[in-house]
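So you can see what is in the structure, the chains are spelled out below.
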Amino acid sequence: MPCPSSCPPGLLALMAPGLALMATFSLSSQAGDRRALPVEKPPGVKGRTLILLDVNTKSPVRIISENFLSLQLDPSIIHDGWLDFLSSRRLVTLARGLAPAFLRFAGKRTDFLQFHNVKNPAKSRGGPGPDYYLKNYEDARSLDKLYNFADCSGLHLIFALNALRRNPNNSWNSSNALSLLKYSASKKYNISWELGNEPNNYRTLIGRSVNGSQLGKDYVQLRSLLQLIRTYSRANLYGPNIGRPRKNVISLLEGFMKVAGSTVDAVTWQHYYIDGRVAKVTDFLKTRLLDTLSDQIRKIQKVVNTYTPGKKIWLEGVGATSAGGMNNLSDSYAAGFLWLNTLGLLASRGIDVVVRHSFLDHGHNHLVDHNFNPLPDYWLSLLYKRLIGPKVLAIHVAGLQRKPRPGRVIRDKLRIYAHCTSYHNHNYVRGSITLYIINLHRSRKKIKLAGTLRDKIVHQYLLQPYGKDGLHSKSVQLNGQPLAMVDDGTLPELKPRPLRAGRTLVIPPLTMSFYVVKNVNALACRYR
């Protein structure tokens, strides 16, 4: 099947154990401060706002996947069994901009999908749940469309099979999955696989639960099935894609790991920061909210390392809000603070892949809207892909900051992460370093590059909201220029603003920015 257009071939220093690699500074706010938008006190001595920053260039502290920032498509995008809109040249252009990446086809409706290989699917619409089916119209048209979209976009497809087809003894009924696997193999589709989505919610969905041990057995059964099909005998298998690791979910994960820990190629879970029904723009600026993910990482890593030390861990399904998100909030500039911090925190803690829910959706957590227009988080993701490589670097910081009062913890609103610059970006020689900075303060902050970064030329990529809506804006500007597609087949050039060597970095309030420090010749970044 032809592509809509040409198709390509197809931190921060660890200050103490358990601390994220994240530079944290707080000159004005404390954890106990309940104000929604803390207001800075009038500045005193200018030197108090100056932060000295250096990077350890000798070796990386973490190395993450080349596909670290990946994408998800929710089955809710299926319209009466059709996925024809995935042939859109514009949509392929947008997806290709974020390659290389995984494309996970999964979501709440995963466990109601059924594969039908019949000429008249209208006569066979039985089965569990509403009419959300992946239909095979003689040539498996929808599956073909989905795979062709991924392939032409330079993405690797991960398909989640229905886990709720159960036998009377509650074991997994694999007959429908086998039909899909055989068809995909006949087309020689290169696909990785999963089974189900958020198994901890099955009782809510169908009034019937599946415990961790049984789920593990189901995964072992799926692995055996894959090994029987030559095309997929070495295919990757990921799971169990649990929800937020509360006590009952951790128990499910432990049962799963005992049985199938060695069966999966990566252990996966999901995270949503806010209840989308009650979210406010000020929520996206709260450092305590940004830090909730850190505890979840610790819990997941503890279980995984108990049963399969060193096993890769993925955050596979992350968004600003649950319940589909909220218009003008989770699809606005403000949501980017959570998204960029998520990327930095996960990379610094060694999480191998993060899958963004969703690339395109009918909610408001997506990167691309219903008219295939890129939203702020898309542009943020595009900058990340263009500038950030898989090697995470430790940074060293020094600067004046207020001492915490006894019993109170300073949580900073300035967050800094450092990586080797992407090897795929030919505008920069190997050995360059990219910093990305989140400033949640209501005032600008100044950073002076020191040590190995001193007196180097820096390229600035400053992302700010565009238009009168401020943090609610669905449009962004890069270094003062609004970002928009040139045409359906062309993304805009992301032009940096060169800063003279030795210049102090001035970070505007409530912004996100990237800084490429050129020609550092960092040993950690010279080789792949």
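Just so it is clear, the model here is predicted, and its values are computed rather than measured.

**A short note on the state of the cysteines**
With the rule as written, the count across this model stands at one disulfide. Sulfur-sulfur distance for the disulfide between Cys 420 and Cys 525 comes to 2.0 Å. Between Cys 420 and Cys 525 the sulfur-sulfur dihedral comes to about -80°; the bridge is accordingly left-handed. Linking Cys 420 in strand S16 (residues 414–421) with Cys 525 in the segment after strand S24 (511–517), this pair joins segments that are 105 residues apart in sequence. Cys 525 carries the same exposure label as Cys 420, and that label is buried.

**Here's the deal with the pairing of strand S19 (residues 458–465)**
Within S19, seven of the eight residues are buried, which leaves it mostly tucked inside the rest of the structure. Pairing analysis gives three bridges linking S19 to strand S22 (residues 497–499), with the strands arranged antiparallel. Considered in S22, the bridge of Gln 460 is made with Arg 497. With six bridges connecting them, S19 and S24 associate as antiparallel partners. If you follow Gln 460 over to S24, its bridge partner there is Tyr 515. For S19 and strand S20 (residues 476–478), the ladder comprises three bridges, and the chain directions are antiparallel. Each bridged residue has a counterpart across the sheet, and for Leu 463 the counterpart in S20 is Leu 478.

**What to know about the confidence of the model for the protein chain**
If pLDDT is low for a region, its predicted coordinates should not be looked at in detail. Looking at the protein chain, the pLDDT average stands at 85 and 81% of residues meet or exceed 70. Every residue in residues 8–48 is under pLDDT 50, and counting partners more than four places away or in other chains gives 107 contacts. Long-range and interchain partners of residues 119–139, a stretch whose pLDDT sits below 50, account for 55 contacts in this model, where long-range means more than four residues apart.

**Here we look at helix H2 (residues 141–152)**
With 12 residues, H2 should cover 16 Å at 1.5 Å per step; its first-to-last C-alpha distance of 16 Å lies within 8% of that length. Burial within H2 is extensive, with 10 of its 12 residues counted as buried. Looking only at H2, the buried set comprises Ser 142, Leu 143, Asp 144, Lys 145, Leu 146, Tyr 147, Asn 148, Phe 149, Ala 150 and Cys 152. A positive phi of about 75° marks Gly 154, the residue just after H2.

**Quick word on the nonpolar core**
By size, the foremost hydrophobic cluster in this structure holds 125 residues, and its most contacted members are Trp 193, Phe 359 and Tyr 384. No other element matches the eight residues that helix H9 (residues 336–348) contributes to this core. In contact with Tyr 384, other than residues within four places in its own chain, are Ile 64, Phe 68, Leu 69, Leu 340, Leu 343, Ala 347, His 419, Tyr 436 and Phe 514. Membership of the second largest hydrophobic core comes to 25 residues, among which are Ile 433, Leu 453, Val 458 and Val 517.

**Here we look at the packing of aromatic side chains**
Enumeration over the complete set of coordinates arrives at 16 aromatic pairs. Ring-pair connections join several aromatic residues into one group, and the members of that group are Phe 68, Tyr 384, Tyr 417, Tyr 436 and Phe 514. The aromatic ring of Trp 339 is capped on one face by Arg 356, whose charged end is 4.9 Å from the ring centroid.

Reading the values: the criteria
Residues numbered from 1 in each chain as written. Predicted model: local features only at pLDDT ≥ 70, side-chain atom pairs only at ≥ 80, totals over all residues. Heavy atoms only, no water. Disulfide = S-S within 2.5 Å. Helix = DSSP H or I, 4+ residues; strand = E, 2+ residues; numbered from the N terminus. Buried < 20%, exposed > 50% of the residue type's maximum accessible area, 1.4 Å probe, protein only. Pairing = 2+ DSSP bridges. pLDDT = per-residue confidence, 0-100. Contact = heavy atoms within 4.5 Å. Expected span 1.5 Å × (residues − 1). Core = buried A, V, L, I, M, F, W, Y, C linked by side-chain atoms within 4.5 Å. Phe/Tyr/Trp six-rings, centres within 6.5 Å; stacked < 30°, edge-to-face > 60°. Lys NZ or Arg CZ within 6 Å of the ring centre and 35° of its normal.

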